[in-house]
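# Architecture at a glance
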Amino acid sequence: MHRQRAIIRTLGLATAVAFAATACGPQHPGSAPAAPSAPVASPSASASGQDDKPGTASPSPSESSSPSASASASPSRSEAPAVKPVMANGDENDQVRELQARLRQLKLMSSAPTGFYGSKTTAAVRSFQSQHGLGATGAVDEATWQKIQGLSRKPTEEELRPPTTNEVAAPDPRCMQGRVMCISKESRTLAWMIDGKVVSSMDVRFGSENTPTREGLFQVEWKAKDWTSTIYHTPMPYSMFFSQGQAVHYSADFAARGYAGASHGCVNVRDKAKLSALFDQVKVGDKVVVYW
């Protein structure tokens, strides 16, 4: 696999902190870094099979007709009340995660549960409804939810939150001692290791060819739970900075678009719950190894 290399200029600590806010906004692979005023591209369905987060949630069936429209209808023709969905496009919660796990059991979804109801979940629900003679709206009403529950079993914790979508690579030798975030560009995974044992793992995404994530042996320089980029104005929750502005942090864009996008050099994580737990464990001074 082709190795990405970056020429690093020496930065003072103040410059490094400022650069931390500029290096990690989401971008399309192969694109030049976006200007500060450039709008963020709307998420689209990705080849990785992840749900995409639309800019606005699709209106629910109950929003498709207004009270005024109903009032203008002929008095002799009363429309049936709209069915309120239990879950629909744009929702994000644990019930959606359970829905996705059950749809995976039924072979209607291939991607791991994310808890976000996007286009992939909508398509899977619509397919299920079509197969079982239900109104193919793509939203889960009570009848659809009961049918899905009846044809599947309660998901296990591992089904709800798989260890990782990508298989963890063999650790770099530098990861075998001490407390290390061991980050493989080849497998696109982060393994949190203590004394050679993998404690937890998660999928990650890197910078593009123009703004690559640096490789090497580093250490966690500082942490910020609620950091926001001052240039791109994008949230970077659970940031752990390790290389003059590059950080491991949660990315809503990665969660939405998967590998259809890229960072400006940071290591993006798409599982917020896992990263939150990791953030609490990692200490300033812990090792970070980025390798192929």
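Residues numbered from 1 in each chain as written. Predicted model: local features only at pLDDT ≥ 70, side-chain atom pairs only at ≥ 80, totals over all residues. Heavy atoms only, no water.

## Some points on the overall build of the protein chain
So the rule is basically this: Elements are defined by DSSP. Helices are runs of H or I of four residues or more, strands are runs of E of two residues or more, and each kind is numbered from the N terminus. The buried label applies to any residue whose accessible area, calculated with a 1.4 Å probe on protein chains only, is under 20% of its type's maximum; exposed applies above 50%, and partly exposed to all values in between. Contacts were defined at the residue level, with two residues in contact if any of their heavy atoms lie within 4.5 Å. Per-residue and other accessible areas were derived by the Shrake-Rupley procedure at a 1.4 Å probe size, with only the shown protein chains allowed to occlude residues.
The helix and strand tally for the protein chain stands at eight helices and nine strands. When burial is assessed residue by residue, the protein chain has 45% of its 292 residues classed as buried. Relative to all contacts within the protein chain whose residues are 6 or more apart in sequence, the contacts with residues 24 or more apart total 64%. Of the roughly 14,700 Å² of accessible surface on the protein chain, 53% is carried by carbon and sulfur atoms.

## Some points on the confidence of the model for the protein chain
The condition is simple: The pLDDT value tells you how sure the predictor is about a given residue, anywhere from 0 up to 100.
The share of residues in the protein chain with pLDDT of 70 or more is 71%, and the mean pLDDT across the chain is 77. Ignoring residues within four places in sequence, the model shows residues 28-81, a span with pLDDT below 50, making 76 contacts including any to other chains.

## Some details on the pattern of salt bridges
To keep things clear, this is the line we draw: Salt bridges are counted wherever a side-chain nitrogen of Lys or Arg sits within 4 Å of a carboxyl oxygen of Asp or Glu.
One pass over the full model with this rule turns up eight salt bridges. Its salt-bridge partner being Asp172, residue Arg174 comes within 2.8 Å of it at the nearest N-O pair. A relative accessible area of 13% places Asp172 in the buried class. The network of salt bridges with shared partners includes Arg205, Asp253 and Arg257.

## Re the pairing of strand E9 (residues 287-291)
Filter applied, for reference: By definition, two strands form a pair when at least two bridges between them are found by DSSP.
Among the five residues in E9, four count as buried, and that is most of the element. Bridging between strand E1 (residues 179-184) and E9 involves five bridges; their strand directions are parallel. Paired with Met181 across the strands is Val288, a residue of E9.

## Observations regarding the sheet that holds strand E5 (residues 222-228)
Spelled out, the test is: Between the N-to-C directions of two axes lies an angle of 0 to 180 degrees, each axis being a line fitted to C-alpha atoms and, for a helix, fitted only over the stretch in contact.
Read from one edge of the open sheet, nine strands run E4-E9-E1-E2-E3-E8-E7-E6-E5, paired in mixed fashion. Strand pairing shows two members of the sheet lacking a second neighbour, strand E4 (216-219) and E5, which therefore form its edges. Recorded for the sheet is a direction-independent mean angle of 30° between the axes of neighbouring strands. Of the strand pairs in this sheet, E4 and E9 are connected by four bridges, and their pairing is antiparallel. Residue Gln219 lies in a different strand from E9, and its bridge partner there is Lys287.

## Let's talk about the environment of Phe242
Within the secondary structure layout, Phe242 lies in strand E6 (residues 235-243). Placed 24 residues apart in sequence, Phe242 and Cys266 show a C-alpha to C-alpha distance of 9.5 Å. Apart from residues lying up to four places away in sequence, Phe242 is in contact with Phe218, Gln219, Glu221, Ala247, Val248, Val267, Val288 and Val290.

## Let's talk about unusual backbone geometry
For residues that are not glycine, phi is negative in most cases, and the peptide bond is trans in most cases. Here the phi dihedral of Lys107 falls at roughly 65°; this positive angle occurs in a residue that is not glycine. Looking at the secondary structure, you find Lys107 in the loop between helix H3 (94-105) and helix H4 (119-131). Exposure remark for Lys107: the relative accessible area of 73% places this residue in the exposed category. With a phi angle near 60°, Tyr238 is a residue other than glycine that sits in the positive phi range.

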